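# Geometric and topological summary
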Amino acid sequence: MFEKIISLENLYSAWEEFLRGKRNKADVQVFSLRLSDGILSLHKDLVNKSYTHGGYSAFKVSDPKPRQIHKAPVRDRLLHHAMYRVLYPYFDTKFIADSFSCRNDKGSHRALYRFQHYVQIVSKNNTKQCWILKCDIRKFFANINHEVLLAILHRHITDTNVLWLCERIVRSFESSSGKGLPLGNLTSQLFANVYLNELDQFVKHKLQVKYYIRYADDFVLFSSCKNELEGYLLKMKNFLEENLKMSLHKDKVSIQSIGSGVDFLGWVHFPDHRILRKATRKRMFRRLQMHRAPETLNSYKGLLKHGNAHKIKEQIDSNFLSSL
């Protein structure tokens, strides 16, 4: 596995993937000027086990809530892509089917339709009550415990050189002592799924929950019995605290009936339809006001196809279509 990651063929392929959408970035152009030298130098450091990760530059985004992004140097981001190319296919086979974040052929839209599917099953086509437990992990990326993550990786990976490299990447960043992964790293997306796969396996195999969906650190469980969900909640809370050193966000845990409307992934879900969350709608119109570009308009019109949003589409067409 290590030889595949550090091979020149994989490093050059990783560069081509990394380059998409970044050709005009100044730091990428500088690295491109001496591309062969840069890749050969990285390869040599990896072979000799003398590789060290560079420092991070930080910037803030609001998408939708304020977040701190930490960007690694181009050399390190190239290595992240090279690692991802080999590690992702290996780990993806270990993930459950209903984990939808940062995976090929998954994504938020598929999670939405899976949500609808489970509502129909549990409610027996809207003839029975369907209760939904919705949970969110408090400051997930900032609280990923390095020792716990590395222990999980040791259980799955036997190549000691790969483990050495993973440890270099994991320990290259801290939000607090021994904790945190940077939001800007491609490897962070994979490591986050590896970390929460422990929860997924616990829910599916220990608790034997049939109807469960996770997207990043948001997850939902479906049942016809509210008391059953309350029991699951306590067991998951204990598992997260004891095994993953995580806690649930106390203000973002709820058990609701589908008839009252359940907010998940930007939409409010009802038994037979979903509507756009008010905050999502406001943010959409604000961005359209700021960026009156065809690609922005088409992106949002594509989003609106996944719910009951006919009136919103009409508003967009009347307010923005003529100005493009």
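Everything discussed here concerns the structure shown above.
Presented here is a report on the structure given in the accompanying data block. (Residues numbered from 1 in each chain as written. Predicted model: local features only at pLDDT ≥ 70, side-chain atom pairs only at ≥ 80, totals over all residues. Heavy atoms only, no water.)

## Overview of unusual backbone geometry
The following threshold applies: A run of H or I in DSSP becomes a helix once it reaches four residues, and a run of E becomes a strand once it reaches two; helices and strands are each numbered from the N terminus. Throughout this description, buried means an accessible area under 20% of the type-specific maximum (1.4 Å probe, protein chains only), exposed means over 50%, and partly exposed covers the range between.
The backbone of cysteine 102 sits at a positive phi, close to 55°, despite the residue not being glycine. Topologically, cysteine 102 is positioned in the loop between helix H5 (74–92) and helix H6 (108–122). In this structure cysteine 102 comes out as partly exposed when scored by relative accessible area, which is 35%. Its identity as a non-glycine residue notwithstanding, lysine 124 has a phi of 50°, on the positive side. In this structure, lysine 124 sits in the loop between H6 and strand S3 (131–136). Owing to a relative accessible area of 53%, lysine 124 belongs among the exposed residues under this scheme.

## Observations regarding the environment of glutamate 147
The condition is simple: Polar contacts, as used here, are pairs of N or O atoms within 3.5 Å; protein pairs need one atom able to donate a hydrogen and one able to accept it. Residues neighboring in sequence count only if both atoms are side-chain atoms.
Position of glutamate 147 among the secondary structure elements: in helix H8 (residues 146–156). Put simply, glutamate 147 and glutamate 174 are 27 residues apart on the chain and 12 Å apart in space, counted from C-alpha to C-alpha. At 2.7 Å, the side chain of glutamate 147 forms a polar contact with the side chain of arginine 171.

## Here's the deal with H6
Heads up, the condition is: The length a helix should cover is 1.5 Å for every residue beyond the first. Directions drawn from the helix axis to the C-beta atoms are what define this arc. Pairs of residues are marked as contacts when any of their non-hydrogen atoms sit within 4.5 Å.
Helix length check: H6 (15 residues) gives 21 Å between terminal C-alpha atoms against 21 Å at 1.5 Å per residue, within 8%. Burial in H6 covers these residues: Ala111, Leu112, Phe115, Tyr118, Val119 and Val122. The arc that holds the buried residues of H6, viewed along the axis, is 125°, so those residues lie on one side. Buried residues belonging to H6 abut S3, strand S4 (212–215), strand S5 (218–223), strand S7 (262–264), strand S8 (267–269) and strand S9 (274–276).

## A few points about the pattern of salt bridges
A side chain with one charge can pair with a side chain of the opposite charge if their charged atoms come near. Spelled out, the test is: The salt bridge definition used is simple: a Lys or Arg side-chain nitrogen within 4 Å of an Asp or Glu carboxyl oxygen.
Within this structure, the stated rule accounts for 12 salt bridges. The salt bridge partner of aspartate 27 is arginine 77, with a shortest N-O separation of 2.9 Å. You can see aspartate 27 sitting in helix H3 (residues 26–33) and its partner arginine 77 sitting in helix H5, a full 50 residues away along the chain. Residue aspartate 27 is classed as partly exposed on the basis of its relative accessible area, which comes to 30%. Owing to a relative accessible area of 11%, arginine 77 belongs among the buried residues under this scheme. Three or more residues joined by partner-sharing salt bridges are found here, namely Asp27, Lys71 and Arg77.

## Remarks on the side chain of arginine 274
Applicable threshold: Positive: Lys, Arg. Negative: Asp, Glu. His and the chain ends are not part of the count.
For arginine 274, the location among the structural elements is in strand S9. No salt bridge is formed by the buried arginine 274; the nearest opposite charge belongs to aspartate 272, separated by 10 Å. Here leucine 112 takes part through its backbone oxygen, which lies 3.3 Å from a polar atom of the side chain of arginine 274.

## A look at the sheet that holds strand S6 (residues 254–257)
Inclusion rule: Think of it this way: DSSP has to see at least two bridges between two strands before they count as a pair. Comment: axis = line fitted to C-alpha atoms, over the contacting stretch for helices; angle = value between 0 and 180 degrees taken between N-to-C directions.
Taken together, 4 strands build an open sheet; the order of strands is S4-S5-S3-S6 and the sheet is antiparallel. A single partner strand is all that each edge strand has here, and the edge strands are S4 and S6. Adjacent strand axes in the sheet meet at a mean angle of 20° when their direction is disregarded. Those strands touched by H6 are S3, S4 and S5, and its axis lies near 165° from that of S4.

## Considering H5
The line we're drawing: Two axes enter the definition of the bend at a residue: one is fitted to the seven residues ending there, the other to the seven starting there, and the bend is the angle between them.
The first and last C-alpha atoms of H5 sit 26 Å apart over 19 residues, in line with the 27 Å expected at 1.5 Å per residue. Along its length, H5 shows its largest kink, about 35°, at tyrosine 84.

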